[in-house]
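# A look at the structure
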Amino acid sequence: MVVGAFAIELDTVVVGSGPGGYVAAIRAAQLGQKVAIIERENIGGVCLNVGCIPSKALISAGHAYHNAQAGNEVFGVKSSGVELDFKRTQEWKNNEVVNTLTSGIEMLLKKNKVEIIRGEAYFNNDKELTVMGEGDDHQLYSFNHAIIATGSTPIQIPGFKFGGRVIDSTGALNLEEVPEKLVVIGGGVIGSELGMAYSNLGSEVTILEGSPQLLPTFEKDMVKVVEKKMKERGIETQTNAMAQEAVDNGDSVTVKYEVNGEAKEITADYVLVSVGRRPNTEEIGLEGLGVKMSDRGLVEVDNQGRTSVKNIFAIGDIVPGAALAHKASYEGKIAAEAIAGEPAAVDYKVMPSVAYTDPELASYGLTEKQAKEQGLDVHSAKFPLAGNGRALSLDQKEGFVRLVATKGDEVIVGAQMVGVNASDVMAELGLAIEAGMNAEDIALTIHGHPTLSESVMDTAEAILGMPIHM
Ligand code: NAI
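Residues numbered from 1 in each chain as written. Predicted model: local features only at pLDDT ≥ 70, side-chain atom pairs only at ≥ 80, totals over all residues. Heavy atoms only, no water.

## Comments concerning the nonpolar core
Within the largest apolar cluster, 30 residues are counted, with the highest numbers of intra-cluster contacts made by Y198 and L361. Of all the elements in the fold, those that place two or more residues in this core are α3 (52-70), α5 (169-173), β9 (181-185), α6 (189-200), β10 (204-208), α7 (220-232) and β15 (270-273). Examining the composition of this core, we find that five residues originate from one element, α7, more than from any other. Filtering out sequence-adjacent residues up to four positions away, L361 remains in contact with L215, F218, M222, V226, S353, V354, A355, M417, V418 and A422. Grouped together as the second largest cluster of nonpolar side chains are 28 residues, A362, L385, A391 and L429 included. (Core = buried A, V, L, I, M, F, W, Y, C linked by side-chain atoms within 4.5 Å. Buried < 20%, exposed > 50% of the residue type's maximum accessible area, 1.4 Å probe, protein only. Helix = DSSP H or I, 4+ residues; strand = E, 2+ residues; numbered from the N terminus. Contact = heavy atoms within 4.5 Å.)

## What about the domain arrangement of the protein chain?
Domain annotation for the protein chain reports domain 1 (2-153 + 278-339), domain 2 (166-275) and domain 3 (359-463). Measuring from the centre of the C-alpha atoms in domain 2 to the corresponding centre in domain 3 gives 31 Å. With eight residues of domain 2 in contact, the opposing surface of domain 3 contributes 14 residues. For the pair domain 2 and domain 3, the summed buried area comes to about 930 Å², and 69% of that belongs to carbon and sulfur atoms. For domain 2, the biggest contributors to the area lost against domain 3 are E219, M222 and V225; these three give 50% of the whole. At the boundary of domain 2 with domain 3, the tally comes to three salt bridges. Across the domain 2-domain 3 interface, the total number found is three residue pairs in polar contact (both at pLDDT 80 or more). (Domains from an automatic or database assignment. Buried area = accessible area lost by both parts, 1.4 Å probe. Salt bridge = Lys/Arg side-chain N within 4 Å of Asp/Glu carboxyl O. Polar contact = N/O pair within 3.5 Å; in protein donor to acceptor, adjacent residues only side chain to side chain.)

## So, the UniProt feature "domain: FAD/NAD(P)-binding" (unreviewed entry) in the protein chain
Taken from the UniProt record, the annotation "domain: FAD/NAD(P)-binding" (unreviewed entry) applies to residues 11-332. Regarding residues 11-332, the helix share stands at 32% and the strand share at 26%, and the terminal C-alpha atoms are separated by 16 Å. (UniProt positions renumbered as here; feature names shortened; annotations may be inferred.)

## Some points on the side chain of E410
Mapped onto the fold, E410 is located in the loop between β21 (400-406) and β22 (412-419). No salt bridge is formed by the buried E410. Its closest oppositely charged neighbour is K407, at 9.2 Å. In contact with E410, not counting residues within four places along its chain, are H379, A405, M437, N438, A439, I463 and L464. (Lys, Arg positive; Asp, Glu negative; His and termini not counted.)

## Quick notes on the site of the ligand
Close to the ligand lie 21 residues; I190, E209, G210, G276 and V354 are nearest. Contact distances for the ligand include 2.8 Å between an oxygen atom and a backbone N or O atom of I190. Backbone polar atom of V354 to a nitrogen atom of the ligand: 2.8 Å apart, as the coordinates give it. If the ligand stood free it would expose 840 Å²; the protein chains cover 75% of that surface. For the shell around the ligand, a count of residues per class yields 12 nonpolar, six polar and three charged. (Near = heavy atom within 4 Å. Areas by Shrake-Rupley, 256 points an atom, 1.4 Å probe, with all protein chains shown as cover. Nonpolar A, V, L, I, M, F, W, Y, C, P; charged D, E, K, R; others polar.)

## What to know about the packing of helix α1 (residues 21-30) against helix α4 (residues 86-111)
Two numbers describe how α1 lies on α4: the axes approach to 9 Å, and their chain directions differ by 25 degrees. When the axes of α1 and α4 are compared, the pair comes out roughly parallel. When you trace α1 past α4, the crossing you get is left-handed. Judged by residue contacts, Y22, A25 and I26 of α1 engage I105, L108 and L109 from α4. Partitioned by chemical class, the residues of the contact of α1 with α4 number six nonpolar, no polar and no charged. (Axes fitted to C-alpha atoms, helices over the stretch in contact; angles between N-to-C directions. Parallel < 35°, antiparallel > 145°, perpendicular 65-115°, else oblique. Left-handed = near helix turned anticlockwise from the far one by under 90°.)

As structure tokens, this is what we get:
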């Protein structure tokens, strides 16, 4: 048993090793700090272990199974005898995807001389914290600076206590068999991604969304393309659905809900509740430190991630803004640089948002509506993927690219895409918005042929009023 009565001295301590924490720790070490990172569960946090990465693995497996099973009449591909070995799918996801990545992160931390401390951190004051390990083990650490990156947890709603057949995203990623019937409460990013994945893996899926639109953070015309595909796949969707209660029947679960005052119910093998996440800011001693928090339990920070206690920083899901891995990593780098005395500050103008639905959704910068609300004089142009040779040759012509630009000088302030590989195709727009490029810069950049990214060039030509392919 290790019981440290004397504090071990550190320059910078990072609490939480998700994509916010591990990136912050490595950058702080690169900038010459003596750094330790504290993790109570698995290195890599939610994103690598039970979030972004394993969900993408199941989504890929879903595509592979669906495509193999359905064959493709357009391509003339016929198939028979296709089977899914879901145990193998899960083994591949856990061992070859998640473990490879998390052990890679551990190696990167070690390579950068970041000490990894296992246990739960509790701040005693603004200079010292205790790490509680297994049993009675505890150790004191003193620090000059701390970066808190403790992430978030799925929200539990009344009537749907997690456990048994009521599962959160972690449970949904680790099912041992593909459910025959799955009900999803909350048709946001997690609900739509995992709902589509399980539909592709063979489940009968129903999505109950509380607001008037599925995927409410994306624009309606983009979501329509995904909804059409959901319908084709036999996924039932219900908007304005108020979930009320889950009744466990032992071998199934009945979900009671209400639509426009009308009581309804549906029975399934599992109900996935994906209605958002709440910040992990309790029980780490923040109240005692006097760190200012919002009513929603988010930590208030300045543009370097500094909290109201000047040597303590907070990043990722526990500070305002979307709960996104790339936002956490970005904030981690800024906080580490600020601690090193560099004049770093966050600038969220590009902030990508991506959903791995089928087809994918990606949004960078401002929508036309947001730009107008900010007082910008903008217009937009849309280019349909049906006009893109590569999309046609992939038999994936659904969707479009849209650019939002200021009128006159045509500076790109926003870009959206719904369509095949939107997650990757749109990256060049992140750069364009960050660099303040205009539509002509994109239109005059030679794009390889035939590529999906040519649709970005075509949209830039469209906004300039001279589209070749439209
Ligand atoms: P979300 O905020 O994206 O969606 C939650 C949905 O649940 C919303 O559509 C909301 O209207 C609905 N809802 C809320 N309460 C409800 C209720 N009582 N009954 C029915 N519907 C209700 O949150 P989600 O999907 O849980 O994801 C959590 C976070 O993780 C989000 O910030 C999301 O952006 C992020 N994430 C990002 C991914 C990506 O970047 N590809 C993938 C998965 C998650």
